[in-house]
Amino acid sequence: MNKAFARAANLFLITLAVCSFAAAQQLPTAESFVGEKLLFEGKVSKIIQGIAIADVKFSFDRVGDKYLIRADANSKGTLARLFRFSFLQNYETTVDPATFNVIATKKHDVQRERIRDSIADFNYAEKRVTFIENDPNEPTRPPRRIASDLASPMNDLSSAAYRIRMMPLKVGDKFNIDVSDSGLIYSIPVTVVKREKQKTEIGKVWCFRIVPEIFGPNRLIEGEGSMTIWLADNPQRTPVRAVVKFKYGKFDIRIQDPNDD
């Protein structure tokens with residue numbers, strides 16, 4: 001009887017451990033992001049302490065048989081009033097649901113009077129990404145073209161964030177994620193540095209602090225700097241904060257309302 005009880009107890013403990021591990025490893029799927037809308041506010045320091053300069057919105061939807069990720073960044077009026085500068089950036093990322101590979105990236109980039117429209121087309125059969133950029137203010141000007149060899153899996157900046165959210169993460173993890181931007185390919189080292197609490201608009205939440213190495217020679221951004229991202233350790237791995245430090249100051253981007261309409 002004692003041996004039977006001991007075996008039953010051991011089995012119970014093993015089952016409990018397995019269930020706990022499974023719960024800890026439960027990850028969001030791409031389908032679970034459908035309908036998600038996220039709103040962030042970006043502030044800058046050093047130039048002027050804590051000035052709000054932009055609103056950033058993300059949305060994730062299914063359109064037909066593809067996923068569509070929209071990212072929009074709009075400068076606030078304060079920036080225009082103080083520095084006579086404004087910007088608008090609209091990104092549309094089309095993603096294949098079967099592989100989560102990016103299929104196309106469309107950009108509309110406005111900085112003061114400067115406007116650029118571009119599209120990156122990802123052809124996995126030919127293993128080629130082709131980037132074409134036009135200037136609407138100069139329609140007769142030949143478009144800028146860049147093409148690079150393409151591997152799979154591949155992401156753009158928006159889809160990379162969602163792919164990381166679907167990955168199993170633990171402190172100490174190091175991995176590379178491939179990102180294509182403006183027709184060029186970058187392999188970005190990513191480190192899961194720490195698990196810590198962050199005070200946010202959605203409350204105090206446990207987060208994974210993640211550091212993608214995007215600054216430096218032959219990296220996404222030339223020059224010195226750093227980026228840190230906090231993903232909530234919740235079922236959706238909600239991004240709650242990002243900090244970018246560079247020679248002109250620091251951008252601090254924080255979530256405002258995860259259910260913004």
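Residues numbered from 1 in each chain as written. Predicted model: local features only at pLDDT ≥ 70, side-chain atom pairs only at ≥ 80, totals over all residues. Heavy atoms only, no water.

> Would you mind going over the overall build of the protein with me for this structure?
A tally of helices and strands in the protein yields three helices and 14 strands. The 261 residues of the protein split such that 39% are buried. Carbon and sulfur atoms provide 55% of the accessible area of the protein, an area that totals close to 15,100 Å². (Helix = DSSP H or I, 4+ residues; strand = E, 2+ residues; numbered from the N terminus. Buried < 20%, exposed > 50% of the residue type's maximum accessible area, 1.4 Å probe, protein only. Areas by Shrake-Rupley, 256 points an atom, 1.4 Å probe, with all protein chains shown as cover.)

> Just to check I follow, could you spell out the nonpolar core for this structure?
Proteins that are soluble and globular tend to have nonpolar side chains buried together. Formed by 17 residues in total, the largest nonpolar core has its most connected members in Leu 169, Ile 188 and Ile 210. Elements that contribute at least two residues to this core include exactly helix 3 (157–165), strand 9 (174–181), strand 10 (184–200) and strand 11 (203–212). For this core, the element with the highest residue contribution is strand 10, accounting for four residues. Filtering out sequence-adjacent residues up to four positions away, Ile 188 remains in contact with Phe 175, Asn 176, Ile 177, Val 179, Pro 212, Glu 213, Ile 214 and Leu 220. By size, the runner-up hydrophobic cluster in this structure holds eleven residues, among which are Leu 38, Ala 73, Trp 230 and Val 240. (Core = buried A, V, L, I, M, F, W, Y, C linked by side-chain atoms within 4.5 Å. Contact = heavy atoms within 4.5 Å.)

> Looking at this structure, I do not really get empty space enclosed by the protein. What am I missing?
Regions of empty space are outlined by a rolling probe, equal in size to a water molecule, passed over the atoms. For the structure on display, the rule yields one cavity of 30 Å³ or more. Taken as a whole, the largest cavity spans an internal volume of roughly 80 Å³. Along the wall of the largest cavity there are 14 residues; nearest its centre are Thr 105, Lys 107, Ser 180, Asp 181 and Ser 182. Mapped by element, the contributors of at least two residues to the lining of the largest cavity are strand 5 (102–111), strand 6 (114–123), helix 3 and strand 9. The dominant element in the lining of the largest cavity, judged by the number of residues it contributes, is strand 6, at four residues. A breakdown of the residues in the lining of the largest cavity according to their chemical character gives six nonpolar, five polar and three charged. (1 Å grid on protein atoms, 1.4 Å probe; cavity = no way out; pocket = protein on both sides within 12 Å on 5 of 7 lines; lining within 4 Å. Points joined across faces, edges and corners; volume = space filled by probe spheres on them. Nonpolar A, V, L, I, M, F, W, Y, C, P; charged D, E, K, R; others polar.)

> Is there a simple way to explain the pattern of salt bridges in this structure?
Side chains that differ in charge, positive against negative, can pair when their charged atoms come close. A full pass over the atoms with the stated rule returns 18 salt bridges. The closest approach of N and O atoms between Glu 31 and Arg 62, which form a salt bridge, is 2.9 Å. A residue pair is termed long-range when its members are at least 10 positions apart, and Glu 31 in the loop between helix 1 (2–24) and strand 1 (37–45) and Arg 62 in strand 2 (residues 51–63) qualify at 31 residues. Residues joined by salt bridges that share partners form a network here, namely Arg 116, Glu 133, Asp 135, Arg 141 and Arg 144. (Salt bridge = Lys/Arg side-chain N within 4 Å of Asp/Glu carboxyl O.)

> Is there a simple way to explain unusual backbone geometry in this structure?
When glycine is set aside, most residues are seen to have a negative phi, and most peptide bonds are trans. Cis geometry is found at the peptide bond from Ser 152 to Pro 153, where omega equals 5°. One can find Pro 153 in the loop between strand 8 (144–149) and helix 3. At Ser 182, a position not held by glycine, the phi torsion is positive, near 55°. One can find Ser 182 in the loop between strand 9 and strand 10.

> I would appreciate a short explanation of the confidence of the model for the protein in the present structure.
A low pLDDT score tells you not to read the predicted coordinates there in detail. For the protein, per-residue confidence averages 84 on the pLDDT scale, and 82% of positions sit at 70 or higher. Averaged pLDDT values for the elements of the protein fall to 44 in helix 1 and rise to 97 in strand 7 (residues 128–134). Across residues 8–25, confidence stays below pLDDT 50; counting only partners more than four residues off in sequence or on other chains, it has one contact. (pLDDT = per-residue confidence, 0-100.)

> Where do I start with helix 3 in this structure?
Across the nine residues of helix 3, seven count as buried, placing the element largely inside the fold. Within the sequence span of helix 3, burial applies to Ser 158, Ser 159, Ala 160, Tyr 162, Arg 163, Ile 164 and Arg 165. Residue Asp 156 occupies the N-cap position of helix 3, its side-chain oxygen lying 3.3 Å from the main-chain nitrogen of Ser 158. (Polar contact = N/O pair within 3.5 Å; in protein donor to acceptor, adjacent residues only side chain to side chain.)

> Got a minute to help me understand the pairing of strand 7 in this structure?
For a regular strand, the rule is simple: side chains alternate between the two faces of the sheet. Side chains Val 129, Phe 131 and Glu 133 of strand 7 all project onto a buried face; the interleaved residues Arg 128, Thr 130, Ile 132 and Asn 134 project onto a face where none is buried. Pairing geometry for strand 6 and strand 7, over seven bridges, is antiparallel. By the bridge assignment for strand 7, Asp 121 is matched with Thr 130. Between the end of strand 6 and the start of strand 7, which pair antiparallel, lie four residues, with Lys 127 showing a positive phi angle near 55°. Pairing analysis gives six bridges linking strand 7 to strand 8, with the strands arranged antiparallel. By the bridge assignment for strand 8, Ile 132 is matched with Arg 145. (Pairing = 2+ DSSP bridges.)

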